[in-house]
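# Breakdown of the fold
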Amino acid sequence: MSKDDIYRQSQAFIDDFGFGENVATVFDDMLERSVPFYGELQRMIAEMAADFAAPDTRIYDFGCSTGTTLIGLDRAIGPRGLTLIGVDNSEEMLAKCRAKMAGYAFSNAVELIGADLNHGIDMGNASLAVMILTLQFIRPLYRDKLVKAIHDGLEENGALILVEKVLGESSLFNRAFINYYYEFKMRNGYSGLEIAQKREALENVLVPYKLAENLEMLKLAGFRYIDVFFKWYNFVGIVAVK
Ligand SMILES: C[S@@+](CC[C@H](N)C(=O)[O-])C[C@H]1O[C@@H](n2cnc3c(N)ncnc32)[C@H](O)[C@@H]1O
């Protein structure tokens, strides 16, 4: 796994964060060291997916990146005549995903689609959609519409599993949670400079909502059952059933 040192050196200009070749190359290390309990989140998602994956349906992973979730889902669910569909708009991520998937024998069919989720989605016969740390990159203008489209694309009793970075409900806790998060990143080997430069790069790109706003968006989209299955300061996992 290549080490994430993208923001190690001081940069005169910080470009907006993107998912090009430099990020795709170090992405697995970046996630391991930047997302609290990333491994446990993946395990929980696969565990829940095994309950929701109805035989002979489709399962979507929106923002599939390098394919870690697709592989985890297939492993946890086992052969069920499913089609696992990974969607991402980064060709570089999809290339890494293809390479990683080539080393794993899937027990269900798998497809990768290059598409920009800001422009909506084309879904059908789906029992499950997973969206890990990706909705936060969708422009707020299109976010409700996308969540509604995912709801509409799911079969009855189908589920959406969502993981998002969130804002604290008050500025008091928001500030504190961000500090605890930066301390977590320091413990994982990132320097103050790396953390500050990445924060600046993400500023206009990653737009987090509050947990309450995410829950309201899911409710308005029509999901009948909604619950929080994971929370660590400013990270949250939500499961919603149609
Ligand atoms: C933080 S990563 C997701 C991590 C991944 N789900 C995982 O758990 O391993 C966000 C992903 O969403 C993709 N993405 C961002 N904006 C997108 C868009 N508008 N349409 C499709 N994919 C998008 C990025 O290319 C990136 O691969």
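Please refer to the structure higher up on the page.
Now for a description of the structure that goes with this document. As the structure is a computational prediction, the values presented were derived from the model and not from experiment. (Residues numbered from 1 in each chain as written. Predicted model: local features only at pLDDT ≥ 70, side-chain atom pairs only at ≥ 80, totals over all residues.)

## What about the pairing of strand S7 (residues 225-232)?
Along S7, only 0 of the 8 residues are buried, which leaves the element largely exposed. Between S7 and strand S8 (residues 235-241), which pair antiparallel and follow one another directly, the connecting turn spans 2 residues, one of which, Tyr-233, has a positive phi of 45°. (Buried ≥ 20, exposed ≤ 12 C-beta atoms within 10 Å, placed from the backbone. Helix = DSSP H or I, 4+ residues; strand = E, 2+ residues; numbered from the N terminus. Pairing = 2+ DSSP bridges.)

## Brief notes about helix H6 (residues 171-187)
Taking 1.5 Å per residue, 17 residues should reach 24 Å; H6 reaches 24 Å between its end C-alpha atoms and fits that length. One or two residues past the end of H6 sits Gly-189, with phi positive at roughly 100°. (Expected span 1.5 Å × (residues − 1).)

## What to know about unusual backbone geometry
Of note in the backbone geometry, Asn-125 takes a positive phi value of approximately 45° without being a glycine. Locating Asn-125 in the fold gives a position in the loop between strand S3 (109-114) and strand S4 (126-132). Positive phi outside glycine occurs at Tyr-233, with the angle close to 45°. Its location among the elements puts Tyr-233 in the loop between S7 and S8. Looking at Tyr-233, the number of C-beta atoms within 10 Å reads 18, which means it is partly exposed.

## Things to note about the nonpolar core
With 53 residues, the main nonpolar core has Ala-49, Ile-59, Leu-128, Ala-129, Val-130 and Leu-160 as its most contacted residues. Sort the elements by how many residues they give to this core and strand S5 (residues 154-167) lands first, with 7 residues. For Leu-160, the contacting residues outside a window of four places in its chain are Ala-129, Met-131, Ile-150, Leu-154, Phe-223 and Ala-240. (Core = buried A, V, L, I, M, F, W, Y, C linked by C-beta atoms within 7 Å. Contact = placed C-beta atoms within 7 Å.)

## Comments concerning the site of the ligand
Near the ligand, the surroundings consist of 18 residues, among which Phe-19, Gly-63, Asn-89, Ser-90 and Ile-132 are the closest. Class assignment of the residues belonging to the shell around the ligand gives a composition of 8 nonpolar, 8 polar and 2 charged. (Near = placed C-beta within 6 Å. Nonpolar A, V, L, I, M, F, W, Y, C, P; charged D, E, K, R; others polar.)

## Some details on the packing of helix H5 (residues 140-153) against helix H8 (residues 211-221)
Axis separation between H5 and H8 bottoms out at 9 Å; the angle between their running directions is 50°. Accordingly, the angle class assigned to the pair H5 and H8 is oblique. Helix-helix and strand crossings are classified by hand; for H5 and H8 the assignment is right-handed. Note on element contacts: H8 touches H5 through Met-217, Leu-218, Leu-220 and Ala-221, opposite Arg-143, Asp-144, Val-147, Lys-148 and His-151. Residue classes in the contact of H5 with H8 are distributed as 5 nonpolar, 1 polar and 3 charged. (Axes fitted to C-alpha atoms, helices over the stretch in contact; angles between N-to-C directions. Parallel < 35°, antiparallel > 145°, perpendicular 65-115°, else oblique. Left-handed = near helix turned anticlockwise from the far one by under 90°.)

## Quick notes on the packing of helix H2 (residues 38-52) against helix H3 (residues 68-77)
Closest axis-to-axis distance for the H2/H3 pair is 9 Å, and the angle between their directions is 45°. The pairing of H2 with H3 is recorded here as oblique in orientation. As for the relative orientation of H2 and H3, their crossing is right-handed in sense. The segment H2 lies against H3, with Gln-42, Ile-45, Ala-46, Glu-47, Ala-49 and Ala-50 engaging Thr-68, Thr-69, Gly-72, Leu-73, Arg-75, Ala-76 and Ile-77. Grouping the constituent residues of the contact of H2 with H3 by class yields 7 nonpolar, 4 polar and 2 charged.

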